[in-house]
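# Topology and contacts: notes
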Amino acid sequence: MQGRLLRLLTALCFSIVLLVSFMARTAQSQGSKSLSQDELTPAEQDLLNEINQARAHPDVYYKYLQSLKPFFKGNNYQPGGQPALTTEEGWDAVQDAIRFLRAAKPQGLLNPSRGLRLAAVAHFKDQNATGATGHRGASSDMIEDRVKPFGSWQGAIGENLSYGNESARERVLAWLIDDGVASRGHRKRLLSPDYHVAGLTCGPHPSFGTMCVMTLAGAFVDIQTAKTVDGASTTSNASTGKPNKAAPAKITPRRSHP
C-alpha cells in the first residue's frame, strides 16, 4: 500500500514539474513575441486602423471635422473641459480639410512593412534620446536615408510625425487639418494613392509625452540577414509582397511637422 502511494506521489510530482516547465516556456515565448519588432502594440495598431479608416472613408472624416466647429473661437481651439490650444489658422484650416475630404476618393489600405517600421523605430529612438522634433535625424538624415539599412523603396516615400498624448483619431484629424503647414503634406500623404505600405511606431518623448512616427512608401523590399553554410553572414533581399491597391478629440496640428 505504501509503495503504491509513493509511486502515485512520484508521478504527481513529475506531472507538476512538466506543467511548470511548459508554462515557463509558454510565458517566455509570449514575452519574446511581445517584444518583436514586427508586431505593433495595441496603440500602434489602433493608429494604423484609424489611418486606414480615413483612407477608406474620407466622407465620414469630414463630418468628424465639421463637429469641431463649436470648439473654435478665433484661433483658439478648446474642447469642453480641456485647456485652450492656440492654432495658427483657426477654423480656416479645418474648412480647408473639409473641402479636401469632400472631394477625396477612397484609397486602399496601407499594409504593414517591417523595413519601414524599423526605419520609424530608428527615428523614434533618436528623438526619444535627444528630445528633438522634426523629420531630420541627429545626423541630418531624412527618411530616404533612414530606410537604407533596412531595404529599398519603390515609388513614393514619405513620413508623418505626431507629438503629444492624443488618441489615434485625434492624431489622424490633426494630420488631416495640417494647421500651419502650407504644403498640407501630412494630409496629402495620408490620403495619397501613391502609398501602399507603411511602418509605424509610438513611444515616449521627453517634451511632448508621446510621439508617433509613420513611414510610407509605394512598395518596400526588406533586407534580411541569412547564415551561409560556413556560418558567415550574408544579406539578401526579401520582397514584402505586392502592394495592395484595393483597399481613425484634442487636436494638436502644431505638433506635426511638414
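Placed above this text is the structure.
Because the structure is a prediction, the values reported are computed rather than measured.

Cut-offs and rules
Residues numbered from 1 in each chain as written. Predicted model: local features only at pLDDT ≥ 70, side-chain atom pairs only at ≥ 80, totals over all residues. Heavy atoms only, no water. Helix = DSSP H or I, 4+ residues; strand = E, 2+ residues; numbered from the N terminus. Buried < 20%, exposed > 50% of the residue type's maximum accessible area, 1.4 Å probe, protein only. Areas by Shrake-Rupley, 256 points an atom, 1.4 Å probe, with all protein chains shown as cover. Disulfide = S-S within 2.5 Å. Pairing = 2+ DSSP bridges. Salt bridge = Lys/Arg side-chain N within 4 Å of Asp/Glu carboxyl O. Core = buried A, V, L, I, M, F, W, Y, C linked by side-chain atoms within 4.5 Å. Phe/Tyr/Trp six-rings, centres within 6.5 Å; stacked < 30°, edge-to-face > 60°. Lys NZ or Arg CZ within 6 Å of the ring centre and 35° of its normal. Contact = heavy atoms within 4.5 Å. Axes fitted to C-alpha atoms, helices over the stretch in contact; angles between N-to-C directions. Parallel < 35°, antiparallel > 145°, perpendicular 65-115°, else oblique. Nonpolar A, V, L, I, M, F, W, Y, C, P; charged D, E, K, R; others polar.

## Overview of the overall build of the chain
Along the chain, the regular secondary structure elements total eight helices and eight strands. Counting over 258 residues, the chain shows a buried share of 41%. Accessible surface, the chain: about 13900 Å² in total, of which carbon and sulfur atoms supply 56%.

## Side note on the state of the cysteines
Each disulfide consists of one covalent bond between the sulfur atoms belonging to two cysteines. Overall, the coordinates contain one disulfide when judged by the stated rule. Disulfide partner of cysteine 202: cysteine 212, at an S-S distance of 2.1 Å. Its S-S torsion of about 110° marks the bond between cysteine 202 and cysteine 212 as right-handed, since a negative value means left-handed. Placement of cysteine 202 in strand β6 (residues 197-205) and of cysteine 212 in strand β7 (residues 209-227) is noted, with a sequence separation of 10 residues between them. Each member of the pair, cysteine 202 as well as cysteine 212, carries the same accessibility label: buried.

## Focus on the sheet that holds strand β2 (residues 76-77)
As summarised here, the arrangement of the three strands in space is β1-β2-β3, forming an open sheet in which the pairing is antiparallel. Across the chains shown, the open sheet's two edge strands, defined by having one partner strand only, are β1 (72-73) and β3 (85-86). Relative to β3, β2 runs antiparallel, the two being bridged by two bridges. Pairing of tyrosine 77 across the sheet is with leucine 85, part of β3.

## A closer look at the pattern of salt bridges
Under the criterion given, the structure shown has nine salt bridges. Within the structure, one salt-bridge network assembled from shared partners comprises Glu89, Asp96, Arg99, Arg184 and Arg187.

## Quick notes on the nonpolar core
Across soluble globular proteins, nonpolar side chains have a tendency to be buried as a group. Ranked by size, the top nonpolar core spans 33 residues in total, and within it Leu47, Ile51, Leu65, Val172 and Leu176 carry the most contacts. Every element with two or more residues in this core is listed here: α2 (42-56), α3 (58-66), α4 (91-103), α7 (168-177), β6 and β7.

## Concerning the packing of aromatic side chains
Inspection of the entire model under this criterion finds five aromatic pairs. Between phenylalanine 71 and tyrosine 77 the ring centres are 6.2 Å apart and the planes differ by 85°, which places this aromatic pair in the edge-to-face class. Given the relative accessible area of 31%, phenylalanine 71 is considered partly exposed. According to the relative accessible area criterion, tyrosine 77 is buried, its value standing at 1%. Ring centres 5.7 Å apart and planes at 50° place the aromatic pair tyrosine 163 and phenylalanine 208 in the tilted group. Of this pair, tyrosine 163 sits in strand β5 (residues 151-163) while phenylalanine 208 sits in the loop between β6 and β7, and the two are 45 residues apart along the sequence. Phenylalanine 208 gets classed as partly exposed once you look at its relative accessible area, which sits at 30%. The rings of Phe71, Phe72, Tyr77 and Trp91 are connected pair by pair, giving a single aromatic cluster. Over the aromatic face of phenylalanine 100 sits the side chain of arginine 187, whose NZ or CZ is 5.4 Å from the ring centroid.

## Considerations on α7
With nine of 10 residues buried, α7 lies mostly within the body of the structure. Within α7 the residues assigned to the buried category are Ala168, Glu170, Arg171, Val172, Leu173, Ala174, Trp175, Leu176 and Ile177.

## Overview of the environment of glutamate 88
By the element assignment, glutamate 88 lies in the loop between β3 and α4. With a relative accessible area of 55%, glutamate 88 lands in the exposed category. Through-space distance from the C-alpha of glutamate 88 to that of asparagine 76 is 8.8 Å; in sequence the pair is 12 residues apart. Discounting residues that sit within four places of it in the chain, glutamate 88 has contacts with Asn75, Asp179 and Gly180.

## Looking at the packing of α3 against α7
Here α3 crosses α7 at 90°, and the two axes come no closer than 11 Å. Of the possible angle classes, the one that applies to α3 and α7 is roughly perpendicular. Touching Tyr61, Tyr64 and Leu65 of α3 are Arg169, Val172, Leu173, Leu176 and Ile177, all from α7. Tallied by class, the residues present in the contact of α3 with α7 amount to seven nonpolar, no polar and one charged.

## Here's the deal with unusual backbone geometry
Negative phi values dominate among residues other than glycine, just as trans dominates among peptide bonds. Phi is positive for aspartate 178, close to 55°, though the residue is something other than glycine. Locating aspartate 178 in the fold gives a position in the loop between α7 and α8 (185-190). By relative accessible area, aspartate 178 is classed as buried at 0%. For arginine 184, which is not glycine, the phi torsion reads 55° and is therefore positive. For arginine 184, the location among the structural elements is in the loop between α7 and α8.

Purely spatial values, then, with no claim about function.
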